[in-house]
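Notes for the structure review
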Amino acid sequence: MKKYWSRRIRDMVPYVPGEQPKDRIFIKLNTNENPYPPSEKALMAIQAAADERLRLYPAPGCEDLRQAIAQHHGLLPDQVFPGNGSDEVLAFCFQAFFDPDRTVLFPDITYSFYPVYANFFDLAYHEIPLRDNFDLPVTPFCGRNGGVVIANPNAPTGKSVGLENIRTILDANPEAVVLVDEAYVDFGGISAISLISEYDNLVVVRTLSKSHSLAGLRVGYALGNPNLIAALCCVRDSINSYTLDRVAQAGAAAAIRDESYFLETVEKVIHTRDRCSEELKRMGFIVPESSANFIFISHPALPATKLMDGLRKKGILVRHFDRPRISNYLRVSIGTDQEMDALCAALEKLLESGD
Ligand SMILES: Cc1ncc(COP(=O)(O)O)c(C=O)c1O
């Protein structure tokens, strides 16, 4: 095994994506997808883009999509870098902004792709422990660092950080890039986009996978000062100039422009999340306040793995991370009201029977 593998990857531990079952229909609450379909306008744009022009390469500069994103956020197109899902954009950021001899900081409990990128790109990194209640401690991020990565809201905890704390971290790191991953911000976090004009070391990364119901299209983007965007273009054009195909560019631009549908679905998810959180608290679950499209839950009476296995038997998938400090928690994506009612009923039964 591993014969012919480069030394670089022989000892790599890659990210493990959540399960996408094929054999059986589950209530899928394990990968933070949106339970509602994409915008009708996005689907029409995708169909319209799938024509004979597919023989041509797509626009490498993604001009129309960048224009749509810029307009949505009140920025200029040269402050926008779109990519093939925010995972790719994050990977490019790690390559574009961080150096092997300068330590990058991120929390100990956060998106598990960050340490994978750091290892893959041979970067020194340090994981700052979150507080016991999963709040972000600000001071440890304020030294002389080689970069800072913060998911806001955080995953898998769902907790968000206030803008004043992001500002403090930016002020304390004038020589390093501070990357704020806002994959879930539309569900209740506070965006750092308003700080982009003030801080030339701030990069905000977003995705259409969650709040725009387009996980299958693979579109994410970075926002920041044109100098940082140029660095990302430099990385991209050293690897693959056409990261976004014609269909993805058209669908993403239409989804971004369909503001009313986006707001409507986000509202529904938030409403369901808050209702379900209250119901679970009533059942004795610990449910830290979430600003995301998932909740992070734990119950004093039954281990998380037992609950997860019990739910699976009842046709419901949730995500468990076998990692220090959070091994007794489950991350549960917010589905439709009906799906979350089924989740609550199943959990109630498991608690009653004790297995
Ligand atoms: C914090 C965070 N950032 C980024 C991503 C990647 O999203 P995508 O690659 O679908 O844009 C995820 C996906 O779950 C995430 O949880």
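Use the structure listed above.
Within each chain, residue numbers correspond to sequence positions counted from 1 in written order. Whole-chain, interface and lining totals are the exception, using all residues; otherwise, since this is a predicted model, local features are given only for residues with pLDDT of at least 70 and side-chain atom pairs are given and counted only at 80 or more. Calculated side-chain values reflect all of the structure's heavy atoms, with hydrogen atoms and water omitted.

A few points about the overall build of the protein chain
Within the protein chain, the secondary structure is distributed over 11 helices and 12 strands. C-alpha atoms define the radius of gyration in this analysis, and the globule rule sets the expected value at 2.2 Å times the number of residues to the power 0.38. In summary, the protein chain has a C-alpha radius of gyration of 20 Å against a globular reference of 20 Å for 355 residues, a match within 12%. Referenced to the eigenvectors of the C-alpha coordinate spread, the extents of the protein chain come out at roughly 60 × 50 × 50 Å. When the 355 residues of the protein chain are sorted by exposure, 53% land in the buried category. Taking the intrachain contacts of the protein chain between residues at least 6 apart in sequence as the baseline, contacts between residues at least 24 apart amount to 74%. With residues, only the protein chains shown are counted as cover, and all accessible areas are computed by Shrake-Rupley using a 1.4 Å probe. Accessible surface, the protein chain as shown: approximately 16,300 Å² in total, 52% of it carbon and sulfur. Under the counting rule used here, the positive set is Lys and Arg, the negative set is Asp and Glu, and His together with the chain ends is not counted. Charge coordinates come from a single atom per side chain, which is NZ of Lys, CZ of Arg, CG of Asp or CD of Glu. The distance from the centre of the 37 positive side-chain charges to the centre of the 45 negative ones in the protein chain is 6 Å. Put simply, DSSP marks the helices as runs of H or I at least four residues long and the strands as runs of E at least two long, and each gets a number from the N terminus on. Only protein chains enter the accessibility calculation, which uses a 1.4 Å probe; a residue is then buried when its area is under 20% of its type maximum, exposed when over 50%, and partly exposed in between. Residue contacts are defined here by distance: any two heavy atoms, one from each residue, within 4.5 Å place the two residues in contact.

Details of the environment of tyrosine 184
Mapping tyrosine 184 onto the fold places it in the loop between β6 (178-181) and β7 (202-207). With relative accessibility at 9%, the residue tyrosine 184 sits in the buried group. For the pair tyrosine 184 and serine 291, spaced 107 residues apart in sequence, the C-alpha to C-alpha distance is 7.5 Å. For tyrosine 184, the side chain forms a polar contact with the side chain of lysine 210, separated by 3.4 Å. We define a polar contact as two N or O atoms separated by no more than 3.5 Å, with the added condition that, inside protein, one atom must be a possible hydrogen donor and the other a possible acceptor, whereas residues neighbouring each other in sequence contribute only through side-chain atom pairs.

Thoughts on the sheet that holds β7
Paired strands, as defined in this entry, are two strands with at least two bridges between them according to DSSP. Spatially, 7 strands are ordered β2-β8-β7-β6-β5-β3-β4 in an open sheet, and the strand pairing comes out mixed. Pairing within the sheet leaves two strands with one partner each, and these edge strands are β2 (80-83) and β4 (125-128). The mean angle between the axes of side-by-side strands here comes to 20°, regardless of whether they run parallel or antiparallel. Only C-alpha atoms enter the line fits that serve as axes; for helices the fit covers just the stretch in contact. Angles between N-to-C directions range over 0 to 180 degrees. Of the strands in this sheet, β5 (147-151), β6 and β7 touch helix α6 (residues 163-172), which is tilted by about 155° from β6.

Regarding the pattern of salt bridges
Throughout this description, the term salt bridge denotes a Lys or Arg side-chain nitrogen within 4 Å of a carboxyl oxygen of Asp or Glu. Scanning the model with the defined rule gives 18 salt bridges in all. A salt bridge links arginine 325 to aspartate 132; the nearest nitrogen and oxygen atoms lie 3.7 Å apart. Placement of arginine 325 in the loop between β11 (319-320) and β12 (330-333) and of aspartate 132 in the loop between β4 and β5 is noted, with a sequence separation of 193 residues between them. For arginine 325, a relative accessible area of 37% translates into the label partly exposed. Among the ionic pairs, aspartate 237 bridges to arginine 236, the shortest N-O distance being 3.0 Å. Residue class for aspartate 237 comes out partly exposed when judged on its relative accessible area of 43%. Among the charged side chains, a salt-bridge network with shared partners connects Asp108, Asp132 and Arg325.

Quick word on the site of the ligand
Only heavy atoms are used to decide nearness, and a residue is near a molecule or strand if one of them lies within 4 Å of it. Taken together, Gly85, Ser86, Asp87, Leu90, Tyr111, Asp181, Ala183, Tyr184, Thr207, Ser209, Lys210 and Arg218 make up the full set of residues near the ligand. At 3.0 Å from an oxygen atom of the ligand is found a main-chain nitrogen or oxygen belonging to aspartate 87. In this structure, threonine 207 approaches the ligand through a side-chain N or O atom, which is 2.5 Å from an oxygen atom. The fraction of the free accessible surface of the ligand (400 Å²) that becomes covered by protein chains is 93%. Note on residue categories: nonpolar means Ala, Val, Leu, Ile, Met, Phe, Trp, Tyr, Cys or Pro, charged means Asp, Glu, Lys or Arg, and polar means any other residue, Gly included. Along the lines of polarity and charge, the residues of the shell around the ligand split into 4 nonpolar, 4 polar and 4 charged.

Quick word on helix α5 (residues 113-120)
Across the 8 residues of α5, 6 count as buried, placing the element largely inside the fold. For α5, the set of buried residues is Phe113, Tyr114, Pro115, Val116, Tyr117 and Ala118. Those residues of α5 hidden inside the fold are in contact with α4 (85-97), β3 (104-107), β4, β5 and β6. Once α5 ends, the next one or two residues include aspartate 122, with phi positive near 60°.

As for the packing of helix α2 (residues 40-49) against helix α8 (residues 246-257)
Orientation of α2 relative to α8, taken along the N-to-C sense of each, is 155°, at an axis distance of 8 Å. Here α2 lies roughly antiparallel to α8, going by the angle between them. The crossing of α2 and α8 is right-handed. Touching Lys41, Ala42, Ala45, Ile46 and Ala49 of α2 are Arg246, Val247, Ala250, Gly251, Ala254 and Ala255, all from α8. Class assignment of the residues belonging to the contact of α2 with α8 gives a composition of 8 nonpolar, 1 polar and 2 charged. Put simply, angles under 35 degrees are roughly parallel, angles over 145 are roughly antiparallel, angles from 65 to 115 are roughly perpendicular, and the rest are oblique. Two helices cross in a left-handed way if the nearer one is turned anticlockwise from the farther one by less than a right angle. They cross in a right-handed way if the turn is clockwise.

Some remarks on unusual backbone geometry
At the junction of asparagine 152 and proline 153, the peptide bond is cis and its omega measures out at -5° in the coordinates. One can find proline 153 in the loop between β5 and α6. Of note, the bond from alanine 155 into proline 156 is cis; its omega dihedral lies within 30 degrees of zero at 10°. Structurally, proline 156 is set in the loop between β5 and α6.

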